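The residues making up each chain are set out below.
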Amino acid sequence: GNGFMPLFENAEKAFRGVFDGNGFSIKNMYINRTNDVFVAFMRYISAEEGKEGIIKNLSFEGGEISGGNYTSVFYANASGYGSSNSGLRDCYVNMKVTSVGSLSCLVGNNKGLVENCIVDVEFDALGDAYLFALNHTGIEDGLGVNNCVFIGNHQDKEFAKLENGGFATNCYKIADSEVSEFEFNMGLNWSWEKGSLPTLKGVEAYE
């Protein structure tokens, strides 16, 4: 009943390299680990210079994540000093996220750059909740969240916890009813027609 086991479970073996979703979606992922901290698709990602981990061009659609403190979607914690070459790029999430502690709807402890992401998440937390990143370590320039959009009931939550540094720039909160009129500028890895959500450009389908 615990569902999916988060990948890369400790800081010493944090994810390094590039996880490229190629525009594909992981559908109906289910995690139910309310007794665990750092719950997400990946528990640890590396933000160590020269050994960075980055997730890009990936969607999560459907499913539910439930966890303890520092629950998130793509990764829950980052190891290392911090690097703008690590983090999350061009990703989309549409699912439910709940926590008996704190949560964020994209990443947890961020020491990299989160950019060009769309979040359409129903969330509930007993502790702190943030729309994009739970915590920042803004030790150097380029660490933070840029050009991300939250769609739906944001509950007046902040984009990210910024008291430890970092930034949240060009970020937006819109209602479902505003999607048809909102001007999305998500970058070259997305295709978009006005009146609908942008979609990640994927590989060609083969019959």
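Quick look at the structure, then. Computed from a predicted structure; not experimentally measured.

Our next topic: the pattern of salt bridges. Enumeration according to the criterion identifies six salt bridges in this entry. Here Lys 27 and Glu 61 are joined by a salt bridge, their closest N and O atoms 3.4 Å apart. Of this pair, Lys 27 sits in strand E2 (residues 25-27) while Glu 61 sits in strand E6 (residues 59-67), and the two are 34 residues apart along the sequence. Lys 27 gets classed as exposed once you look at its relative accessible area, which sits at 55%. The class of Glu 61 is partly exposed, set by a relative accessible area of 28%. Between Glu 183 and Lys 194 there is a salt bridge; the shortest N-O distance is 3.0 Å.

Before going further, it helps to spend a moment on the packing of aromatic side chains. If you walk through the whole model with that rule in mind, you get 12 aromatic pairs. With centroids separated by 5.8 Å and ring planes inclined at 15 degrees, the aromatic side chains of Phe 4 and Phe 41 adopt a geometry described as stacked. Pair noted here: Phe 4 is in the segment before strand E1 (17-20) and Phe 41 is in the loop between strand E3 (30-33) and strand E4 (42-46), with a separation of 37 residues, a long-range link. Phe 4 gets classed as partly exposed once you look at its relative accessible area, which sits at 29%. Note on Phe 41: relative accessible area 5%, which makes it buried. Between Tyr 172 and Phe 182 the ring centres are 5.5 Å apart and the planes differ by 65 degrees, which places this aromatic pair in the edge-to-face class. Of this pair, Tyr 172 sits in strand E20 (residues 172-174) while Phe 182 sits in the loop between E20 and strand E21 (190-191); the two residues are 10 residues apart in sequence, bridging distant segments of the chain. Residue Tyr 172 is classed as partly exposed on the basis of its relative accessible area of 36%. Residue Phe 182 is classed as buried on the basis of its relative accessible area, which comes to 16%. A network of ring pairs unites the aromatic residues Phe 4, Phe 19, Phe 41, Phe 60 and Phe 74 as a single cluster. Between the NZ or CZ atom of Lys 173 and the centre of the ring of Phe 159, over which it lies, the distance is 5.2 Å.

A word on the sheet that holds strand E8 (residues 87-89). Within the open sheet, the six strands sit side by side as E1-E5-E8-E12-E17-E19. Their pairing is parallel. Two strands lie at the open edges of the sheet, namely E1 and strand E19 (167-169), each paired on one side alone. For this sheet, the mean inter-axis angle between neighbouring strands, taken without regard to orientation, is 15 degrees. Across three bridges, strand E12 (residues 113-115) lies against strand E17 (residues 144-146) in parallel orientation. Across the sheet, Val 114 pairs through a bridge with Val 145, a residue of E17.

Conventions adopted
Residues numbered from 1 in each chain as written. Predicted model: local features only at pLDDT ≥ 70, side-chain atom pairs only at ≥ 80, totals over all residues. Heavy atoms only, no water. Salt bridge = Lys/Arg side-chain N within 4 Å of Asp/Glu carboxyl O. Helix = DSSP H or I, 4+ residues; strand = E, 2+ residues; numbered from the N terminus. Buried < 20%, exposed > 50% of the residue type's maximum accessible area, 1.4 Å probe, protein only. Phe/Tyr/Trp six-rings, centres within 6.5 Å; stacked < 30°, edge-to-face > 60°. Lys NZ or Arg CZ within 6 Å of the ring centre and 35° of its normal. Pairing = 2+ DSSP bridges. Axes fitted to C-alpha atoms, helices over the stretch in contact; angles between N-to-C directions.

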